[in-house]
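Observations on the model geometry
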Amino acid sequence: MKKRGIFFGILGGLILLVIVLIAMLPAIVSSDMIRPHVLQMDNQRIPGQLQIEAWSLQWFGKIQIKGIVYDDRQNNLRASIADLNTGSGLFDLISRSDNLGIVEVIEPHVVYFVPPQTKPSASKDGGPAPQPPPAEPPEDRRAEIPAIFGQLKIVNGSITAVALDGEETVVAQNLKVDLSAPGPGDPLTYQFDANSGDGS
């Protein structure tokens, strides 16, 4: 009888420990000690380099991510986001994976580095180089895009193009987007506002 009580005591302690670890998991993942390891694993799976200054994850509260920088010079792209906030916690995002709730993107800045233009090489006789045979059309492998609902808000965004000499051209600034997809059967609505590089 005594051994049985010890067994159930240990089992209850283990169950309690698991519950506490699950409850504390968002805080653990959000810690400064764990974040670099999470980013390292992500960067091994994606092109370019992703850096995040800080994030705060919660099961039932809001998710906040600060200082997002994605740099992919190989594909001539650099993007940054000052703040990314969600109105839903991890529990809602997992249990309702098709509904993101409200997602707010603050100060997204996209920089496109204009690649150099390559001139066609001339052949030995001075004429234009022979063109390679046309490539075969790629196999049609269209994947079905899952339906995702929610509301996306973009505040104070910008798009910039950078030439080879380093000259920057602002393509769009003060970019604001409000995109709403309430649910299946409901119409998609959006509002878009931006200024050109000259402020018009």
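Residues numbered from 1 in each chain as written. Predicted model: local features only at pLDDT ≥ 70, side-chain atom pairs only at ≥ 80, totals over all residues. Heavy atoms only, no water.

1. Quick word on a nonpolar patch on the surface
- Together, Ile6, Ile10, Leu14, Leu16, Leu17, Val20, Leu21, Met24, Leu25 and Ile28 make up an exposed nonpolar region whose accessible area comes to about 900 Å².
- On the secondary structure map, isoleucine 6 appears in helix α1 (residues 2-29).
- Given the relative accessible area of 47%, isoleucine 6 is considered partly exposed. (Patch = residues over 30% accessible without salt bridge, like charges linked within 9 Å, V, L, I, M, F, W, Y side chains within 5 Å. Areas by Shrake-Rupley, 256 points an atom, 1.4 Å probe, with all protein chains shown as cover. Salt bridge = Lys/Arg side-chain N within 4 Å of Asp/Glu carboxyl O. Helix = DSSP H or I, 4+ residues; strand = E, 2+ residues; numbered from the N terminus. Buried < 20%, exposed > 50% of the residue type's maximum accessible area, 1.4 Å probe, protein only.)

2. Things to note about the sheet that holds strand β1 (residues 49-56)
- Spatially, the 7 strands line up as an open sheet ordered β1-β2-β3-β4-β5-β6-β7, and their pairing is mixed. Every interior strand has two partners, whereas the edge strands, β1 and β7 (189-196), have only one. Sheet twist, expressed as the average angle between the axes of neighbouring strands with direction ignored, equals 10 degrees.
- Sheet analysis places strand β4 (residues 99-113) next to strand β5 (residues 149-162), joined by 11 bridges and oriented parallel. Among the inter-strand pairings, valine 105 is bridged to a residue of β5, identified as isoleucine 154. (Pairing = 2+ DSSP bridges. Axes fitted to C-alpha atoms, helices over the stretch in contact; angles between N-to-C directions.)

3. Focus: the pairing of strand β6 (residues 168-181)
- Here 10 bridges tie β5 to β6, and the two strands are oriented antiparallel to one another. Among the inter-strand pairings, isoleucine 159 is bridged to a residue of β6, identified as alanine 172.
- Looking at chain direction, β6 and β7 are connected through 7 bridges and run antiparallel. Paired with glutamine 173 across the two strands is asparagine 195, which belongs to β7.

4. Regarding the environment of glycine 157
- Tracing the backbone through its elements, the reader meets glycine 157 in strand β5.
- In this structure, glycine 157 is in contact with Pro108, His109, Ala172, Gln173, Asn174 and Leu175, ignoring residues within four places of it in sequence. (Contact = heavy atoms within 4.5 Å.)

5. Digging into the confidence of the model for the chain
- Model confidence for the chain is summarised by a mean pLDDT of 83, while 82% of its residues fall at 70 or above.
- Strand β3 (residues 77-86) holds the highest mean pLDDT among the elements of the chain, 95, whereas α1 holds the lowest, 81. (pLDDT = per-residue confidence, 0-100.)

6. Section: the pattern of salt bridges
- For the structure shown, the criterion picks out 4 salt bridges.
- A salt bridge links aspartate 71 to arginine 73, with the nearest nitrogen and oxygen atoms 2.9 Å apart.
- Classification of arginine 73 as partly exposed rests on a relative accessible area of 47%.
- Here aspartate 71 makes a salt bridge to arginine 78, at a shortest N to O gap of 3.8 Å.
- Residue arginine 78 is classed as partly exposed on the basis of its relative accessible area, which comes to 29%.
- Residues joined in a network through salt bridges with shared partners are Asp71, Arg73 and Arg78.

7. A closer look at the environment of aspartate 193
- Mapped onto the elements of the fold, aspartate 193 is located in strand β7.
- For the pair aspartate 193 and glutamine 173, spaced 20 residues apart in sequence, the C-alpha to C-alpha distance is 9.4 Å.
- Sequence-distant contacts of aspartate 193, that is, excluding residues within four places in its chain, are made with Asn174, Leu175 and Lys176.

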